[in-house]
Amino acid sequence: MPAKVRTVVANLPFAAVLEDSDIGQVADWFDAFDQLTAGAARAQLDGMCEADWRAIVASQFVRDAMLSEPDYALTLLAGTAIEPLLHLPQDANDLSRALRIYRRQQMLRIAVDDLSGRWSLATVLGALSDLADECLVAALRGARQRMQQRYGQLLDSAGQPVPLLAICMGKLGGRELNFSSDIDVIFTFPSQGASDGRRALEASEYCLREAREVIALLDQQTQYGRVFRVDTRLRPFGEAGPLAISFDALEAYLTRHGRDWERYAFVKARFVAADEAASSRIAQFCDQVIRPFVYRRYVDFGVLDSLRTMKALIQTEVQQDERQDDIKRGPGGIREIEFIAQSWQLIRGGQIEALRTQSLYAALAAACENGCMTDESATQLQTAYDLLRVVENRLQALADQQTHRLPQQAAQQRALAVAMQVRDWSALTALLDDQRARVTGTFDDLLRASGDIATQNADVAWLDRPAARLAVDVREMGLEPADDIAQALLAFAQRLARPQADDASALRTRTLVDNVMLRLRAYQAPAIVLARLLAVAEAVRRRSAYISLLNERPDALDLLLQLCASNQFVAGEIAEHPILIDELLMTPRAGQLTRAALAARMPALRADDDIETQMRALARFTRTAQFHVAVADVREQLHIMQVSDRLSDIAELTLQAVLQLAWWEVTARYGKPAGFAVDAPGVAIIAYGKLGGLELGYGSDLDIVFLHDLPAGQTDGERAIDNTLLALRVARRVVHLLGVQTGHGSLYEVDTRLRPSGRSGLLVSSLAAFERYQRDDAWTWEHQALIRARWVVGDRAVGEQFEAVRQVTLRDHVDRDGLTKAVRDMRARMRESLSQGDAERFDLKQDAGGIADLEFIVQYLVLRDAHRFPELLRWSDNIRQLDSLGAAGVLQADEARALQDIYRSYRRCAHALALDRLPQLIEPQQFVNEQRVVRDFWSRLIGHADRAGSDVADV
């Protein structure tokens, strides 16, 4: 028989890796196995496939386990697997034995299917984790039964059972357990209480003893071996802390004492319980305690400081223990890949839900999908991780030993080469060296920070320089005006010296200023850029994670400086709302700023969720979406009309969400009108002004009017009210929610004065009342405003009826006999009360020949000729209205194009002034020709310009 086995093994495809001693060892083993099976193994010899032989040749553990469990080994080779643990012995000794035998059999099955290549890595890791979970649950149940026999049932003050729970950490928590791993566990219990037995125990003592029972069932070495080594050192205060801790005590520890390395550890935290009774309390504890501890609401690049410290400790440990061949802790090993994934989870997990996962694979995918790393980097890390984890599993399966060091003995090297299906040992080490080098490169890239510049150039230290030397040093850098820059640095240094910030925050802020100073020469107005940047730094210096982000990511700092250089509005927004710093890493490409893409990023709203939480989420969406548009605007990726379109989209999406929230809130209190759905607001919002004309700018308020067509009657709630009153309360709630202050500021300022009868009129009008007012009582200027009005959100049927009323009103009910005088008089009153121009400054909007004149010309022509050309009423924006005027022949085509070009030029200039928060005042010569053209149109169509206009025309 040994001779036949030698022949079989020697003829296997991988036998070239082996030596005669390896083949002889396998032949001797098979002879012993055959004897234990009374010749049954010999009968299966011819049917054994190459995959089974690879598992046997590659693993001493497989061979030993088959000798220990010969009957099970035969069923395994025949393709039959053992069923999971279902029925457990009640006796503790019997349970201990059953667990160990079950574990040995299952590990044999997993090892054979892994080494044979029949299972993927994911299947192997999942099977190992499932086995550990099964055994842990069995031990928890067995320990609880034993405790109840001695001390009775553990109950809380309400008489409910208090279970002992296990928080699985590390690879078991991530369901990525390796072959011979120990299991990292923290024992906890939800509440205090006492047992009801003759010898009562308090919950802390009861659970402490119960945890010891669990550990003994799993970790105690017996004649049948052990189940799993149990490591509880990750518990609060380590080995000095209690073995089992209550939820309250664990929360207090994490809140007061939790360290950065524990945040890394708790990324993997996963609860295992003996039954489902505690599932709701577990979910609540995870949501309220663990997730806020691990994942911060803001981008947290400060974690990289702790990662550098951990890396330094690991490197020292590796060098001292000569662990270069350690595929877990050594350079480019498993731990570095885990740190990369977990760092992005801690940095961005507070904002990106997909990153809040125990799975490394899911974390890498989410980091890639959300722009934290490139597709290439994520793919490379996953490839390396797959290789290293397969090697780790098969290395440990050689002899069921928890090792991560590549073998030094030639026989083990040959066995591992067989297990990995490579040509020889040198081929395996070459493959590992290549993948580990790539991991190290990615890991070092993550830790390489612009903040290192200040460390490497200790003489920079701008905020620590003597005041007498500061201006001289600034001037030597080539920065002017040097005195202004020096004064800004000195004032900021004095503020930084105040005791509000801790030492770490102050150090990071100094590093930030040093990095900024090195970049200022790239800007034409360095003093302005620095002043705006320091305003941002002042706003965030107590949140050192934001400072860390700017130090750690040069691309984010460069973008921030570019934004500060471009205009005051964006810089001021960032200073006022530091959460926008998070978005410096996540700015989408201009092509991704579509209405559909914006809608996809809207927070999900629920009728039964907390209104304040939803408003904060909505405010964050609005603020960050506007910021992304501003970034694309600064980068000149969007022209002015596209900027307004996107800002209008954001406003409409926000209005839609706020109207829905208001409808839910009011109808939940009073009921809804008959025939209306809970999710279908019976109120419509009509946009006027800039939103109506699709010309919204940054910081623009919203001119809106509320309309409804609700039937007469009352709502169907217990506190029923008249349907008209319901519409009024919905409108009031919308206005309130739009202006309410959240943690991210308010949404929009709202102006509702364009409603019928203005401030003296009702906040919301019925459609019929609106129609009567427009027909019988509206002034000409209100018809001008109606030209730029459109339905935006809410009851679509009301919106369609509004558009019909708008068309009829502007076509049939305009006072065309008095139109010219009314338009001329209104424009004169506006110019007199609103213009800030003089002989030296031209008011771009209000002076003669400016924006308002051009808009009035368009409105005048539409009102004058809409009864002849109804197509003039199709659009609400000036550009397309001019198109319509040209197409209808009201203007010559070249005249319409000329006015469009002028309007675009004016809009671009006004937009730039608004971004810098400057008044709309310019040099009169800047648009002298454009002014003349507009004035000529005004004079020809509406009336003579006033004296101030003549002065401008003569320039």
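Look above for the structure.
My aim in this report is to walk through the structure given alongside it, one point at a time. (Residues numbered from 1 in each chain as written. Predicted model: local features only at pLDDT ≥ 70, side-chain atom pairs only at ≥ 80, totals over all residues. Heavy atoms only, no water.)

1. Some words on the nonpolar core
For clarity, the cut-off: We call a set of buried residues a nonpolar core when its members are Ala, Val, Leu, Ile, Met, Phe, Trp, Tyr or Cys and they connect through side-chain atoms within 4.5 Å of each other. Throughout this description, buried means an accessible area under 20% of the type-specific maximum (1.4 Å probe, protein chains only), exposed means over 50%, and partly exposed covers the range between. Secondary structure elements follow DSSP: runs of H or I no shorter than four residues count as helices, runs of E no shorter than two count as strands, and numbering proceeds from the N terminus. Should any heavy atoms of two residues lie within 4.5 Å, those residues are considered in contact.
Grouped together as the largest cluster of nonpolar side chains are 174 residues, with contacts concentrated most on Phe266, Leu489 and Met517. Looking at which element gives the most residues to this core, the answer is helix α30 (residues 640-670), with 15 residues. The contact partners of Met517, leaving out residues within four places of it in the chain, are Trp462, Val474, Met477, Leu479, Ile485, Leu489 and Leu530. Formed by 85 residues, the second largest nonpolar core is a distinct cluster that contains Phe33, Leu201, Cys207 and Ile215.

2. Looking at empty space enclosed by the protein
In this approach, a probe sized like a water molecule rolls over the atoms, and the result shows the empty space that is left. As a reminder of what qualifies: Cavities and pockets were defined on a 1 Å grid built over protein atoms only: a cavity is a set of grid points that admits a 1.4 Å probe from which the probe cannot escape, a pocket is an open set flanked by protein on both sides within 12 Å along at least five of seven lines, and lining residues are those with an atom within 4 Å of any such point. Grid points are joined across faces, edges and corners, and a volume is the space filled by probe spheres set on the points. Any residue that is not Ala, Val, Leu, Ile, Met, Phe, Trp, Tyr, Cys, Pro, Asp, Glu, Lys or Arg is counted as polar, Gly included; the first ten are nonpolar and the last four charged.
For the coordinates displayed, the defined rule picks out two cavities of 30 Å³ or more. In this structure, the largest cavity spans a volume of roughly 60 Å³. Around the largest cavity, the lining residues are Phe569, Val570, Glu573, Leu580, Arg623, Gln626, Phe627, Ala630 and Tyr698. Secondary structure elements with two or more residues in the lining of the largest cavity: α27 (568-576) and α29 (611-634). No other element matches α29, which puts four residues into the lining of the largest cavity. Looking at the lining of the largest cavity, its residues break down into six nonpolar, one polar and two charged. As for the second largest cavity, its lining consists of Tyr688, Leu754, Arg755, Pro756, Tyr773, Gln774, Trp781, Glu782 and Ala785.

3. With respect to the packing of aromatic side chains
This is how the line gets drawn: Working definition: rings of Phe, Tyr and Trp (its six-membered ring) pair if their centres are within 6.5 Å, and the pair is stacked with planes under 30 degrees apart, edge-to-face with planes over 60 apart, and tilted otherwise.
Scanning the entire structure with this criterion turns up 17 aromatic pairs. With a centroid separation of 5.4 Å and an interplanar angle of 75°, the aromatic rings of Phe61 and Phe179 are classed as edge-to-face. Of this pair, Phe61 sits in helix α5 (residues 60-68) while Phe179 sits in the loop between α9 (170-173) and β3 (183-189), and the two are 118 residues apart along the sequence. Just as Phe61 is buried, Phe179 falls in that class too. Centroid distance Tyr906 to Phe927: 5.2 Å. Interplanar angle 85°. Geometry classified as edge-to-face. Placement of Tyr906 in helix α39 (residues 893-915) and of Phe927 in the loop between β14 (921-922) and α40 (928-941) is noted, with a sequence separation of 21 residues between them.

4. Digging into the pairing of strand β8 (residues 683-688)
Short version of the rule: Between any two strands, at least two bridges found by DSSP are needed for them to pair.
With six of six residues buried, β8 is to be regarded as a mostly interior element. Of the two faces of β8, the one lined by Val683, Ile685 and Ala687 and the one lined by Ala684, Ile686 and Tyr688 are each fully buried. Inspection of the sheet shows β8 paired to strand β9 (residues 702-708) by six bridges, in the antiparallel sense. The residue bridging Ala684 from the neighbouring strand is Leu707, located in β9.

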